[in-house]
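Residue strings, one per chain:
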Amino acid sequence: MKQRIVAGNWKMNTLMHEASRLVEEVQQEVDARVIPSHIDIVVCPPFPWISDTAVRLSGNHGTHGSKKASVIRCGAQDCHHEVFGAFTGDVSAPMLVDVGCRDVIVGHSERRQFHGETNELIARKITAALRAGLRPIVCIGESSDERARGRTTEVVSEQIDELITYAGAEALNASVVAYEPLWAIGTGVAATTGQAQEVHALIRSRLTAHGAPDTPILYGGSVNATNAADYFACSEIDGALVGGAALSSTTFLAIINAACTAWSE
Ligand code: PEP
């Protein structure tokens, strides 16, 4: 059974009480039902709230003894490529594992854009994440300008090829890829299912040709409660990386419900 994933990227949003409430609301609903084991639900809070979120999800929060651990996985939004050292402000993959993370987003377009991250650096983060025992969620995608110039295939292929050159096919095969066209992130202008299917098919063929056929491929970019089911009905789409809509328990739960409906055995 193919692994499907719904991951929420909270970005630099929420104060601590909001983060706690959000995870509690999602956890309460999710853990009241049976989520098939081939569907992973992940939340990626900002660094300062990871520990509290992971403890809540572990069932060890509060004074009333241990509750059942949640099926929801805790993830992070980035990690450093080194294990420790003089890297002020950075957080390493083993540190994330130590506080209960199981997944980590790497190469998000906002990291590429605002922090100058290259495919080579992102590949090093993939290697570091896997070595520490984290599953990388590796973001790729073209800008609106690149799409307008008809360069989508070239840009996405180059991103995959370079990541494989630097990290290796085995590493990509153990990762998750998120196709996130930059023009769809946080804009409300989601890719059509046709546009997403086309690029996902390209990514799949590229990964398979390199020897990484098992990588789940998520779509990300203005996924919401209304359009999620359409993406999940697509043969090439294995889940969603969700930004804005993951900040409300109502909309994130609606997306999780759409996934469970689409992929109930
Ligand atoms: C994201 O940041 O990964 C994302 C997909 O954001 P949004 O869902 O808000 O477009």
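Structure shown above.
What comes next concerns the included structure.

Rules of the game
- Residues numbered from 1 in each chain as written.
- Predicted model: local features only at pLDDT ≥ 70, side-chain atom pairs only at ≥ 80, totals over all residues.
- Heavy atoms only, no water.
- Helix = DSSP H or I, 4+ residues; strand = E, 2+ residues; numbered from the N terminus.
- Rg over C-alpha atoms; globule rule 2.2 N^0.38 Å.
- Buried < 20%, exposed > 50% of the residue type's maximum accessible area, 1.4 Å probe, protein only.
- Lys, Arg positive; Asp, Glu negative; His and termini not counted.
- Charge placed at Lys NZ, Arg CZ, Asp CG, Glu CD.
- Near = heavy atom within 4 Å.
- Polar contact = N/O pair within 3.5 Å; in protein donor to acceptor, adjacent residues only side chain to side chain.
- Areas by Shrake-Rupley, 256 points an atom, 1.4 Å probe, with all protein chains shown as cover.
- Nonpolar A, V, L, I, M, F, W, Y, C, P; charged D, E, K, R; others polar.
- Expected span 1.5 Å × (residues − 1).
- Phe/Tyr/Trp six-rings, centres within 6.5 Å; stacked < 30°, edge-to-face > 60°.
- Core = buried A, V, L, I, M, F, W, Y, C linked by side-chain atoms within 4.5 Å.
- Contact = heavy atoms within 4.5 Å.
- Pairing = 2+ DSSP bridges.
- Right-handed = clockwise from strand over helix to strand, strands pointing away.

### Considering the overall build of the protein
Step number 1: A tally of regular secondary structure across the protein gives eleven helices and eight strands.
Step number 2: Over its C-alpha atoms the protein spans a radius of gyration of 17 Å, differing by no more than 12% from the 18 Å that the globule rule assigns to 265 residues.
Step number 3: With the principal axes as the frame, the protein shows a C-alpha extent of 55 × 45 × 35 Å.
Step number 4: When each of the 265 residues of the protein is scored for burial, the buried share is 52%.
Step number 5: Computed over 21 positive and 30 negative side-chain charges, the separation of the two mean positions in the protein equals 2 Å.

### Side note on the site of the ligand
Step number 1: Taken together, 14 residues are adjacent to the ligand, and Lys 11, Glu 180, Gly 186, Ser 222 and Gly 243 come closest.
Step number 2: The contact in question runs from an oxygen atom of the ligand to an N or O atom on the backbone of Gly 186, over 2.6 Å.
Step number 3: Within the backbone of Ser 222, an N or O atom sits 2.8 Å from an oxygen atom of the ligand.
Step number 4: For the ligand, the protein covers 95% of the area, taking 290 Å² as the surface of the free molecule.
Step number 5: Residue classes in the shell around the ligand are distributed as four nonpolar, eight polar and two charged.

### So, helix 9 (residues 193-210)
Step number 1: With 18 residues, helix 9 should reach 26 Å at 1.5 Å per residue; the first-to-last C-alpha distance of 25 Å fits that figure.
Step number 2: Taken together, the buried positions of helix 9 are Ala 196, Val 199, His 200, Leu 202, Ile 203, Arg 204 and Leu 207.
Step number 3: Positive phi shows up at Gly 211, right after helix 9, with a value of about 95°.

### With respect to the packing of aromatic side chains
Step number 1: The tally for this structure, following the rule as stated, stands at three aromatic pairs.
Step number 2: When the ring of Tyr 219 is compared with that of Tyr 231, the centres are 4.5 Å apart and the planes differ by 25°; the resulting orientation is stacked. Pair noted here: Tyr 219 is in strand 7 (residues 217-220) and Tyr 231 is in helix 10 (residues 228-232), with a separation of twelve residues, a long-range link. In terms of burial, Tyr 219 and Tyr 231 fall into one category: buried.
Step number 3: The interplanar angle of 45° and the centroid separation of 4.7 Å between the aromatic rings of Phe 232 and Trp 263 together place this pair among those described as tilted. Of this pair, Phe 232 sits in helix 10 while Trp 263 sits in the segment after helix 11 (249-262); the two residues are 31 residues apart in sequence, bridging distant segments of the chain.

### A closer look at the nonpolar core
Step number 1: Counting residues in hydrophobic clusters, the biggest one holds 71 residues, and the most contacted among them are Ile 203, Phe 232 and Ile 256.
Step number 2: Among the elements that make up this core, the one with the highest residue count is helix 11 (seven residues).
Step number 3: Those residues in contact with Phe 232, other than ones at most four positions away along the chain, are Val 6, Gly 239, Ala 240, Ile 255, Ala 258, Ala 259, Ala 262 and Trp 263.
Step number 4: One finds Cys 44, Ile 137, Leu 218 and Leu 241 within the second-largest nonpolar core, a separate group that totals eleven residues.

### What to know about the pairing of strand 4 (residues 103-106)
Step number 1: Because side chains alternate across strand 4, one face comprises the buried residues Asp 103 and Ile 105, and the other comprises Val 104 and Val 106, equally buried.
Step number 2: Pairing analysis gives two bridges linking strand 3 (residues 73-76) to strand 4, with the strands arranged parallel. Paired with Ala 76 across the bridge in strand 4 is Val 104.
Step number 3: Note that the unit made of strand 3, helix 3 (residues 93-98) and strand 4 has a crossover that is right-handed.
Step number 4: Bridge count for strand 4 against strand 5 (residues 135-140) is four bridges, and the pairing is parallel. Residue pairing across strands places Ile 105 opposite Ile 137, the latter belonging to strand 5.

### So, the pairing of strand 8 (residues 239-242)
Step number 1: Burial of the side chains of strand 8 extends over both faces: Gly 239 and Leu 241 are buried on one face and Ala 240 and Val 242 on the other.
Step number 2: Examined bridge by bridge, strand 1 (residues 4-9) and strand 8 share four bridges and lie parallel to one another. Within strand 8, the residue paired with Val 6 across the bridge is Ala 240.
Step number 3: Relative to strand 8, strand 7 runs parallel, the two being bridged by two bridges. From the neighbouring strand, Tyr 219 faces strand 8, where its bridge partner is Ala 240.

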